[in-house]
Amino acid sequence: MTIARPDPGPDFGAVRPLPRTPSGLFPSGPPTRPTYREPHPVAGGGVAAGGGAAAGGLLLFGLLGTDVASYAWWTVIAGLLAWVTALVLVRYGDRGVATGVAIVTAGGWSIAAAVVAVRWATSGDWPLW
C-alpha cells in the first residue's frame with residue numbers, strides 16, 4: 001500500500017515575479033505608440049520673417065492715414081488682411097511665418113488702440129466717428 005503524501009503546493013522559489021509596467025519616467029525600450037512629429041515645425045527664422053513682413057505692412061498702411069481716425073482705420077484694414085494671410089499660411093504655408101504675422105498684427109492693433117484711447121482721453125471726443 002502506498003501512502004499519499006500531501007501536495008506541497010507550488011515551488012515558490014521557482015516562480016518569477018510578474019512583469020511590471022514601467023511608469024515612463026525611465027523608459028525601458030522603444031515607445032509602445034508611434035511618435036508623431038510636425039512635418040513643418042515652427043522655427044525662429046520663420047517667426048521673425050513673418051513679424052518683419054507684418055510690421056512693414058502695418059507701417060505702410062499706417063502711413064496712409066492723415067489723422068488719428070484714418071490711421072486707426074488703415075491699421076484695422078491692414079490687420080484684417082494680415083490675419084487672412086496668416087490663416088492661409090497656417091493652412092497651406094509656413095506656420096512659423098503665420099505666427100509672426102499674427103503676433104505683430106496684434107501688437108499693431110494694440111498700438112492703434114492706445115493712440116485712439118489717448119486721443120479720446122485728451123480731447124474728450126471719440127476720434128473714430
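Remember, predicted model here, so these are calculated numbers, not experimental data.

## With respect to the overall build of the protein
Phase 1: When helices and strands are counted, the protein shows three helices and zero strands.
Phase 2: In sequence order, the secondary structure elements of the protein are arranged as α-α-α.
Phase 3: Considering the protein as a whole, with its 129 residues, one finds that 19% of them fall into the buried category.
Phase 4: Contacts in the protein between residues far apart in sequence, at least 24 positions, make up 59% of those at least 6 positions apart.
Phase 5: Carbon and sulfur atoms make up 68% of the accessible area of the protein, which amounts to about 10200 Å² in all.

## What about the packing of helix α2 (residues 68-92) against helix α3 (residues 95-123)?
Each pair of packed helices can be summarised by the angle the axes make with each other and by the distance between the axes.
Phase 1: In contact at an axis separation of 9 Å, α2 and α3 are set at 165 degrees when each is read in the N-to-C sense. Viewed along their axes, α2 and α3 adopt a mutual orientation that is roughly antiparallel. Crossing of α2 against α3: the hand is left-handed.
Phase 2: Taken together, the residues of the contact of α2 with α3 break down into 20 nonpolar, four polar and two charged.

## Quick notes on the environment of A55
Phase 1: Along the chain, A55 turns up in helix α1 (residues 44-63).
Phase 2: When the C-alpha atoms of A55 and V101 are compared, they prove to be 8.1 Å apart, with 46 residues separating the residues in sequence.

## A short note on α3
Phase 1: With 29 residues, α3 extends 42 Å from end C-alpha to end C-alpha; this agrees with the ideal 42 Å at 1.5 Å per step.
Phase 2: Of the residues making up α3, those classed as buried are G96, A98, G100, V101, T105, G108, A112 and V116.
Phase 3: Residues of α3 that are buried sit in contact with α1 and α2.

## Considering the packing of α1 against α3
Phase 1: Packing of α1 against α3 leaves a shortest axis separation of 6 Å and a crossing angle of 40 degrees. Taken together, the axes of α1 and α3 are oblique relative to one another. Taken as a pair, α1 and α3 cross one another with a handedness that is right-handed. Contacts between α1 and α3 involve G46, V47, G50, G51, A54, A55 and L58 on the former and, on the latter, G96, V97, T99, G100, V101, V104, T105 and G108.
Phase 2: Taken together, the residues that form the contact of α1 with α3 break down as seven nonpolar, eight polar and no charged.

The rules behind these values
- Residues numbered from 1 in each chain as written.
- Predicted model: local features only at pLDDT ≥ 70, side-chain atom pairs only at ≥ 80, totals over all residues.
- Heavy atoms only, no water.
- Helix = DSSP H or I, 4+ residues; strand = E, 2+ residues; numbered from the N terminus.
- Buried < 20%, exposed > 50% of the residue type's maximum accessible area, 1.4 Å probe, protein only.
- Contact = heavy atoms within 4.5 Å.
- Areas by Shrake-Rupley, 256 points an atom, 1.4 Å probe, with all protein chains shown as cover.
- Axes fitted to C-alpha atoms, helices over the stretch in contact; angles between N-to-C directions.
- Parallel < 35°, antiparallel > 145°, perpendicular 65-115°, else oblique.
- Left-handed = near helix turned anticlockwise from the far one by under 90°.
- Nonpolar A, V, L, I, M, F, W, Y, C, P; charged D, E, K, R; others polar.
- Expected span 1.5 Å × (residues − 1).

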